[in-house]
Amino acid sequence: MEKLWYQISRIGLVSGEKDRRDLILLNKMAFILMALTLFITLVEIFNLIFFDNPMRYGSQRVILVWIISFACLLLNKKRLFFISKLILSLVPVFLLTLYPLLFNDARNEYIFYNAIIVLAFSIIPHVLFTPVKEKPFYYGSLIYLLVLVIVSDILYLKTGKASINIYQEVVDNLFYLKLAHVVTFVFINSGIIYFKRITQKSEADLEAKNIELKDHKEELLAQNEELISYQEELQAKHEALTESMQRLEDAQSQLIMSEKMASLGQLMAGIAHEINNPVNYIQAGVTGLKEILKDFEELIDVINQNSHDFPGETCKKITAITESLDLASAKEDMHTIADSILEGIHRTTEIIGGLKQFSYHNEEKLMMYNIHESIDTSLILLHNKYKDRIEIEKNYGKIPMMECFPGYLNQAMLNILDNAIDAISGKGVISICTKKKDKGIIIEINDNGPGIPKEIQSKIFDPFFTTKEIGQGTGLGLSITYDIIKKHDGKIWVKSELGTGTSFFIFLHPPQGDS
């Protein structure tokens, strides 16, 4: 039923007119009037069939109104809305009030409901016509209905068949009767006009608000599109930054590897020099031993050749050879040469062990490690840079084993000690202290170099920052050290005063469970 009512109210309307309230009400009123008059007509037909009551002019005008209403629906379907409005606002009320006069069948008693009919139909112009666009027809229809209110009763009294009971009373009070009708008509329609104007003003305000909201909506949509564009731009920039970060990480890895290779190059040079000295010791010792061995070979040859001589003669020859060779001094030299060879072998073993320690742990794998071993390994590898000029003072405390990446930690210690050695141009002292503190361990490395100016102390851990001359440093040593300590969830900081020296402090957490 609701769907049928919706289809009836939209007869003849196209997509752009779905909100035309006047046209929707035009369809509804035509259909309601048609349905109402059809019902009255069916009652009249029932009355005719069962009670043999002939249809008079009252029934005929109802049928005509039904035909007019149906015709208006057909006109609406043909989109002749304006003609349908005029017909529906003028013709039905005329048929219901003045139609009997055309056939000289008017009765005086009709005056009791003619005014009511006109007043009821006066609502139609308010509904169908818009005061702005159809102003002449709107007010013309109201004037037409007002004329019907005044004239219809007078015409009925002049030409209609008189009723004995009421005729004289109506004639005597006709003025007051018409005045009441007019006042009622004016009151009802002026009230409707007033409320319609208020409604129209509210609708105009609402429309203005709707337009404003629509403008705001369009503005918001534009801003939304702009934000979407910004978001896409930001997304593109984010992807570009992510790609750049990946490239920077790759470059950092390459720089770390370059720094390691540079450190290894310096180490190899030092190691070559360090290994060369003990090798020279061994070579010199072996040469001396060969000379002494030749003398002993000569002695042995004499003993072997004279083994059948008398003991006295043999002893004399041996004594003569011994005196000429100074075997006592040779014996002492042999011990000295042997000690030199052992020292060279010890140094070579120590250097090779340190190199193995540095290279063996150069892998990214967590394991328990002794910090003192890391420091000692770095000092062995750097020995060539500080020997004969820098004194190393070690003050190792009792600290637990650390769970760390040994290769990275070796690199960090090597970088800090290397910087401390480079900071001392002549003779000096480097002190190394380890101790437990605040549920962790502190490694303190001090040098008595010239110190670091305060204005650059905050920059020493920045990548590529260096105070060394071009070609002597990459500026990555301390930056890499800082990253390594952060990787171990530790802290590193520096204290320095010009003319006094520099102290580096490293704080590391021991593995959980260690006291």
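Read on for an overview of the structure. All values reported here derive from a predicted model rather than from experimental measurement. (Residues numbered from 1 in each chain as written. Predicted model: local features only at pLDDT ≥ 70, side-chain atom pairs only at ≥ 80, totals over all residues. Heavy atoms only, no water.)

Attention now moves to the overall build of the chain. Looking only at helices and strands, the chain features 16 helices and 7 strands. Among the 515 residues that make up the chain, the fraction classed as buried is 35%. Nonlocal contacts in the chain, meaning residues at least 24 apart in sequence, comprise 75% of its contacts between residues at least 6 apart. (Helix = DSSP H or I, 4+ residues; strand = E, 2+ residues; numbered from the N terminus. Buried < 20%, exposed > 50% of the residue type's maximum accessible area, 1.4 Å probe, protein only. Contact = heavy atoms within 4.5 Å.)

A word on the pairing of strand 4 (residues 428-437). Bridge analysis of strand 2 (residues 390-396) against strand 4 gives 7 bridges, and the strand direction is parallel. Bridge pairing links Asn395 to Cys433 in strand 4. Here strand 4 pairs with strand 5 (residues 440-447) via 8 bridges, running antiparallel. Residue Thr434 lies in a different strand from strand 5, and its bridge partner there is Ile443. (Pairing = 2+ DSSP bridges.)

Turning to the side chain of Asn76, a few remarks are in order. The topology assignment puts Asn76 in helix 3 (residues 57-77). Asn76 has contacts with Ile11, Gly12, Leu26, Asn27, Phe81 and Ser84, leaving out every residue within four places of it along the chain.

On to the pairing of strand 6 (residues 491-497), then. In strand 6, alternate side chains face the same way, and those of Ile492, Val494 and Ser496 are buried while those of Lys491, Trp493, Lys495 and Glu497 on the opposite face are not. Direction of pairing for strand 6 relative to strand 7 (residues 501-508): antiparallel, over a ladder of 7 bridges. Residue pairing for strand 7: Ile492 is matched across the bridge by Ile506. The hairpin turn running from strand 6 into strand 7, its antiparallel successor, is 3 residues long, and Gly499 in that turn takes a positive phi close to 85°.

Counted according to the given criterion, the structure contains 5 aromatic pairs. Their ring planes at 5° and their centres at 5.8 Å tell us that Trp66 and Phe70 sit as a pair that is stacked. Of this pair, Trp66 and Phe70 both sit in helix 3, separated by 4 residues, roughly a single helical turn. Overall, Trp66 belongs to the partly exposed group, its relative accessible area being 27%. An aromatic cluster of at least three residues, connected via ring pairs, comprises Phe461, Tyr482 and Phe504. Sitting over the face of the ring of Phe405, Lys487 holds its NZ or CZ atom 5.0 Å from the ring centroid. Here the basic side chain of Lys495 rests over the ring of Phe505, its NZ or CZ set 5.6 Å away from the ring centre. (Phe/Tyr/Trp six-rings, centres within 6.5 Å; stacked < 30°, edge-to-face > 60°. Lys NZ or Arg CZ within 6 Å of the ring centre and 35° of its normal.)

Turning next to a negative patch on the surface. Taken together, the side chains of Glu212, Asp215, Glu218 and Glu219 define an acidic patch exposed on the protein surface. Within the secondary structure layout, Asp215 lies in helix 9 (residues 174-305). Note on Asp215: relative accessible area 43%, which makes it partly exposed. (Patch = residues over 30% accessible without salt bridge, like charges linked within 9 Å, V, L, I, M, F, W, Y side chains within 5 Å. Areas by Shrake-Rupley, 256 points an atom, 1.4 Å probe, with all protein chains shown as cover. Salt bridge = Lys/Arg side-chain N within 4 Å of Asp/Glu carboxyl O. Lys, Arg positive; Asp, Glu negative; His and termini not counted. Charge placed at Lys NZ, Arg CZ, Asp CG, Glu CD.)

Next up on the list: the environment of Val91. Checked against the element boundaries, Val91 lands in helix 4 (residues 81-102). Residues Val91 and Leu64, 27 residues apart in the sequence, show an inter-C-alpha distance of 9.6 Å. In contact with Val91, other than residues within four places in its own chain, are Ile68 and Leu86.

The next thing to look at is the pattern of salt bridges. Here the structure, examined in full by the defined rule, presents 4 salt bridges. Residue Lys394 pairs with Asp376 through a salt bridge whose shortest N-O separation is 2.8 Å. On the criterion of sequence distance, the pair formed by Lys394 in strand 2 and Asp376 in helix 12 (residues 371-381) is long-range, its members being 18 residues apart. Relative accessible area serves as the criterion here: at 25%, Asp376 is assigned to the partly exposed category. For the salt bridge of Lys385 with Asp422, the shortest nitrogen-to-oxygen distance reads 3.0 Å. Here Lys385, found in helix 13 (residues 383-386), pairs with Asp422, found in helix 14 (residues 406-423); they are 37 residues apart in sequence, far enough to count as distant. Exposure remark for Lys385: the relative accessible area of 28% places this residue in the partly exposed category.

Any functional reading would require information beyond the geometric quantities listed.
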